[in-house]
Amino acid sequence: MPSPTQRLLARVPARLRPLLLRHRRLVKFLLVGGSCFVLTLVIDFELKFTVLEHKPVVALTVATVIGTVVSYVLNRRWAFRTAGRGREALLFFLVSAVAIAVNDLPLALSRYALDLREPYVDPLTQETADFLSGMVVGTFVAMLFRFWAIQRWVFTGPAEGPFDGNPGYAAPEMPRDVP
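Everything in this summary refers to the structure shown in the same document.

The rules behind these values
Residues numbered from 1 in each chain as written. Predicted model: local features only at pLDDT ≥ 70, side-chain atom pairs only at ≥ 80, totals over all residues. Heavy atoms only, no water. Helix = DSSP H or I, 4+ residues; strand = E, 2+ residues; numbered from the N terminus. Buried < 20%, exposed > 50% of the residue type's maximum accessible area, 1.4 Å probe, protein only. Contact = heavy atoms within 4.5 Å. Areas by Shrake-Rupley, 256 points an atom, 1.4 Å probe, with all protein chains shown as cover. Phe/Tyr/Trp six-rings, centres within 6.5 Å; stacked < 30°, edge-to-face > 60°. Patch = residues over 30% accessible without salt bridge, like charges linked within 9 Å, V, L, I, M, F, W, Y side chains within 5 Å. Salt bridge = Lys/Arg side-chain N within 4 Å of Asp/Glu carboxyl O. Axes fitted to C-alpha atoms, helices over the stretch in contact; angles between N-to-C directions. Left-handed = near helix turned anticlockwise from the far one by under 90°. Nonpolar A, V, L, I, M, F, W, Y, C, P; charged D, E, K, R; others polar. Expected span 1.5 Å × (residues − 1). Bend = angle between axes of the 7 residues up to and from the residue.

Regarding the overall build of the protein
The helix and strand inventory of the protein stands at six helices and zero strands. Buried residues in the protein amount to 36% of all 179 residues. Sequence-distant contacts in the protein: of pairs separated by 6 or more residues, those separated by 24 or more amount to 76%. Of the roughly 10400 Å² of accessible surface on the protein, 69% is carried by carbon and sulfur atoms.

Laid out in structure tokens, this is it:
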């Protein structure tokens, strides 16, 4: 029985499969990151508009920490499952602590250095600036840092799995009506 990844690859156009397979770790990392981005966004907004209304950087930090824990589990179990060593959790969370600071920095600058907050700007401008600086710019820069640092220091073992060793491997064609 093919794995879910193989079934998904069977649905991808044949000309794209080698590219996805060649960069499978990055693709998996981006899928995990996208999922955790949505989770972080939802938690950030929930906190920011309820209990941490006047502390947007704290709300983003808490949301990012929760997203980071989920990210570790998903990356460990899927994206980097064949790499790593015993002390990877400690290294992952050290890298993530730096990434959280990197993620918070644009929001802090926007809010407190550029004064893009009430009463200096209207509420819509404040929320737009918060979203763009914290969730878009901060997350993007932190993502680049995390991917580089996680491959460099955390999940460093040799990649080995069903697709490794044969860069031209593509999932076998399967009928589209197979679940």
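Here the narrative resumes, following the displayed structure.
Points about unusual backbone geometry
Between Glu118 and the following residue, Pro119, the backbone shows a cis peptide bond with an omega angle of 5 degrees. Along the chain, Pro119 turns up in the loop between α5 (88-113) and α6 (123-154). A positive phi is found at Asp115, a non-glycine position, where the angle reads about 55 degrees.

Considerations on the packing of aromatic side chains
In total, this model carries seven aromatic pairs according to the counting rule given. Between the aromatic rings of Phe92 and Phe93, the centroid separation amounts to 5.4 Å while the plane-to-plane angle is 85 degrees, which identifies the pairing as edge-to-face. Ring centres 6.2 Å apart and planes at 50 degrees place the aromatic pair Phe145 and Trp148 in the tilted group. Here Trp148 and Phe145 lie together in helix α6, a separation of three residues that amounts to about one turn. An aromatic cluster is built from Tyr72, Phe92 and Phe93, whose rings are joined through pairwise contacts.

With respect to a nonpolar patch on the surface
A contiguous nonpolar surface patch, about 760 Å² in accessible area, is contributed by Phe45, Phe49, Phe131, Leu132, Val136, Val137, Phe140, Val141 and Leu144. Within the secondary structure layout, Phe49 lies in the loop between α3 (24-48) and α4 (56-79). On the basis of relative accessibility, which here comes to 49%, the residue Phe49 falls in the partly exposed class.

Focus on the environment of Phe45
Considering the arrangement of structural elements, one finds Phe45 in helix α3. Judged by its relative accessible area of 32%, Phe45 falls in the partly exposed class.

A short note on the packing of α4 against α6
Angle between the axes and distance between the axes are the two parameters that describe a pair of packed helices. Close contact between α4 and α6 brings their axes to 12 Å; oriented N to C, the two are set at 40 degrees. Pair α4 / α6 crosses with right-handed handedness. In this structure, α4 uses Pro56, Leu60, Thr64 and Thr68 to contact α6, whose residues at the interface are Asp130, Gly134, Met135 and Arg146. Residues belonging to the contact of α4 with α6 are distributed by class as follows: three nonpolar, three polar and two charged.

Let's talk about α5
Because an α-helix packs 3.6 residues into every turn, residues spaced three or four apart end up facing the same way. Given a rise of 1.5 Å per residue, 26 residues ought to cover 38 Å, and the 36 Å separating the end C-alpha atoms of α5 matches this to within 8%. A maximum bend of about 30 degrees is found in α5 at Asp104, where proline Pro106 lies one to four positions downstream. Remark: Asp115 follows α5 within two positions and exhibits a positive phi of approximately 55 degrees.

Description of the pattern of salt bridges
It is possible for side chains bearing opposite charge to pair when their charged atoms get close. Counted by the stated rule, this structure contains four salt bridges. Lys48 is paired through a salt bridge with Glu127; the nearest N and O atoms lie 2.6 Å apart. Taken together, the residues Lys48 in helix α3 and Glu127 in helix α6 connect sequence positions 79 residues apart. Within this structure, Lys48, Arg111, Glu127 and Asp130 form a network of salt bridges that share partners.

Coordinates in, geometry out; function isn't part of it.
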